[in-house]
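A closer look at the structure
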Amino acid sequence: MAKNYDILSIGHISLDYNIDYLDNEIIEVGGAVIYSSAAAYALGHKAGVVTKLAAKDTDRLEVFTIPRGDVYCLPSAKSTSIRNKYHTPDKERRTCTCISQGDPFTESDIPEAECGVYHFAGLIYGDFDGELIRKVSGRGKTAVDVQALLRHVDPKTNLMYFEDWKDKLEYLPCIDFLKTDAAESEIMTGTSDRLKAARLLHNWGAKEVVITHNTEVLAFDGNEIYTCPIKARNLSGRSGRGDTTFAAYISERVTGASVAEALLWATATVSAKMEKPGPYKGTRADIEDYIRRFYK
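Read on for an overview of the structure. For clarity, every value in this text was computed on a predicted model and none was experimentally measured.

Going through the model one piece at a time under the given rule, you end up with 17 salt bridges. For Arg60, the salt bridge identified is with Asp57, shortest N-O distance 3.7 Å. Residue classification places Arg60 among the buried residues on the basis of a relative accessible area of 8%. In this structure Asp57 comes out as buried when scored by relative accessible area, which is 9%. One salt bridge connects Asp167 with Lys166, and the closest N-O pair in it is separated by 3.5 Å. Residue classification places Asp167 among the partly exposed residues on the basis of a relative accessible area of 26%. With relative accessibility at 69%, the residue Lys166 sits in the exposed group. Salt bridges linked by common partners bring Lys3, Lys46 and Asp70 together as one network.

This is the structure:
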């Protein structure tokens, strides 16, 4: 019997070597699917994950906060690993190096399940392609974080760099929810004005657009621009903030929340998450309290 999920996130887990501006190194298991599934699960939604790991790295699965039975782990020749060197205290500037990359995802990797939204949460170009998004869009709603369509690896140096998604005009119409950060939206649209960028991405086919920024989150559904501020009191849990935001937003949307309601829950969830390292481990009641204290 097929399972039922509000959100099914597809992407690699990564062993990250995070080095701050003072050259202090922290090695931790990360990846968009970890932060995304944790956020949706904390808000009371049914969350599943499709990921790939080399056999020697299955201990990474222990980081998930969702039930183990909802993690579909497939074999991969390699597991993903990334080195992040941060150059400023706020971690807004970094140099990323790809140590290794897991095998790409294919249509046969996606389990038969009833899903509110299929969430493509990749890390590096090649994790999946536009054709997989198109095929899965035939099953139901799709949500895409464009990071894995813009972030490439230089084959000579293994340094990671960003360039525009050359097939965007072909595949954006297959996407129900599109997420970028401010820098990614500028790469895709050529404008640093986030409102203009959101409208362009919608005009090109994305049905709803979410653009994250270190001060606020913006959402556009084709009718109205919505924004909501980030109110985190510290940045100790900055890693995974965009993944937390997007998963909270789309899981709220597919379970009936309006754009404004989903955006409020998303920004409150990421604000609370950023105050502690790691994926969010609170509850919906905790976020309700956070909203009462800081958003009302």
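After presenting the structure, the write-up continues.
Let us look at the packing of helix α5 (residues 182-189) against helix α6 (residues 194-203). In the contact formed by α5 and α6, the axes pass within 10 Å of each other and the chain directions differ by 55 degrees. Of the possible angle classes, the one that applies to α5 and α6 is oblique. As for the relative orientation of α5 and α6, their crossing is left-handed in sense. Residues Ala182, Ser185, Met188 and Thr189 of α5 lie in contact with α6, whose contacting residues are Arg194, Ala197, Leu200 and Leu201. Grouping the constituent residues of the contact of α5 with α6 by class yields five nonpolar, two polar and one charged.

Moving on: the environment of Pro279. Position of Pro279 relative to the elements: it lies in the loop between α8 (259-273) and α9 (284-294). Pro279 sits 126 residues away from Val153 along the chain, and the two C-alpha atoms are 26 Å apart. In contact with Pro279, other than residues within four places in its own chain, are Ile34, Tyr35, Ala38, Val63 and Thr65.

Turning our eyes to something else, we now look at the sheet that holds strand β14 (residues 216-220). Read from one edge to the other, the open sheet built from nine strands follows the order β5-β4-β1-β8-β9-β12-β13-β14-β15, with strand pairing classed as mixed. Looking at the sheet topology across the chains shown, the edges are occupied by β5 (71-75) and β15 (225-229). Each neighbouring strand pair of the sheet contributes to a mean axis angle of 20 degrees, computed without reference to strand direction. Strand direction decides the pairing type here: strand β12 (residues 177-181) and strand β13 (residues 208-212), joined by five bridges, are parallel. Residue pairing across strands places Leu178 opposite Val209, the latter belonging to β13.

Right, let's get into the pairing of β14. When you tally the buried positions in β14, you get four out of five residues, the bulk of the element. Connecting β13 to the antiparallel partner β14 that follows it, the hairpin turn spans three residues. Hairpin connection between β14 and β15: a loop of four residues separates the two successive antiparallel strands, and Gly222 in this loop has a positive phi of roughly 95 degrees.

For the rest of this paragraph, the subject is α9. For α9, every residue scored as buried is listed here: Ile287, Tyr290 and Ile291. Down the axis of α9, the buried set is contained in an arc of 100 degrees. They therefore lie on one face. Contact partners of the buried residues in α9: α8.

This next bit is on the sheet that holds strand β7 (residues 94-100). The strand order β3-β2-β6-β7 describes an open sheet built from four strands, whose pairing is mixed. A single partner strand is all that each edge strand has here, and the edge strands are β3 (25-30) and β7. Each strand axis lies, on average, 20 degrees off the axis of its neighbour in the sheet, ignoring direction. When strand β2 (residues 14-19) meets β3, the two strands line up antiparallel, connected through six bridges.

Further remarks concern the layout of surface pockets. Here the largest pocket is characterised by a volume of approximately 1000 Å³. Together, 45 residues line the largest pocket, and Arg94, Gln147, Asp181, Arg238 and Arg241 are the ones closest to its centre. Here the lining of the largest pocket is composed, by residue class, of 16 nonpolar, 14 polar and 15 charged. A volume near 290 Å³ is recorded for the second largest pocket. Lining of the second largest pocket is provided by 15 residues; of these, Ala272, Lys273, Lys276, Tyr280 and Gly282 occupy positions nearest its centre. Sorting the residues of the lining of the second largest pocket by element identifies α8 and α9 as the ones contributing at least two each. Top element by residues in the lining of the second largest pocket is α9. It accounts for four residues.

Calculation notes
- Residues numbered from 1 in each chain as written.
- Predicted model: local features only at pLDDT ≥ 70, side-chain atom pairs only at ≥ 80, totals over all residues.
- Heavy atoms only, no water.
- Salt bridge = Lys/Arg side-chain N within 4 Å of Asp/Glu carboxyl O.
- Buried < 20%, exposed > 50% of the residue type's maximum accessible area, 1.4 Å probe, protein only.
- Axes fitted to C-alpha atoms, helices over the stretch in contact; angles between N-to-C directions.
- Helix = DSSP H or I, 4+ residues; strand = E, 2+ residues; numbered from the N terminus.
- Parallel < 35°, antiparallel > 145°, perpendicular 65-115°, else oblique.
- Left-handed = near helix turned anticlockwise from the far one by under 90°.
- Contact = heavy atoms within 4.5 Å.
- Nonpolar A, V, L, I, M, F, W, Y, C, P; charged D, E, K, R; others polar.
- Pairing = 2+ DSSP bridges.
- Arc of directions from axis to C-beta.
- 1 Å grid on protein atoms, 1.4 Å probe; cavity = no way out; pocket = protein on both sides within 12 Å on 5 of 7 lines; lining within 4 Å.
- Points joined across faces, edges and corners; volume = space filled by probe spheres on them.

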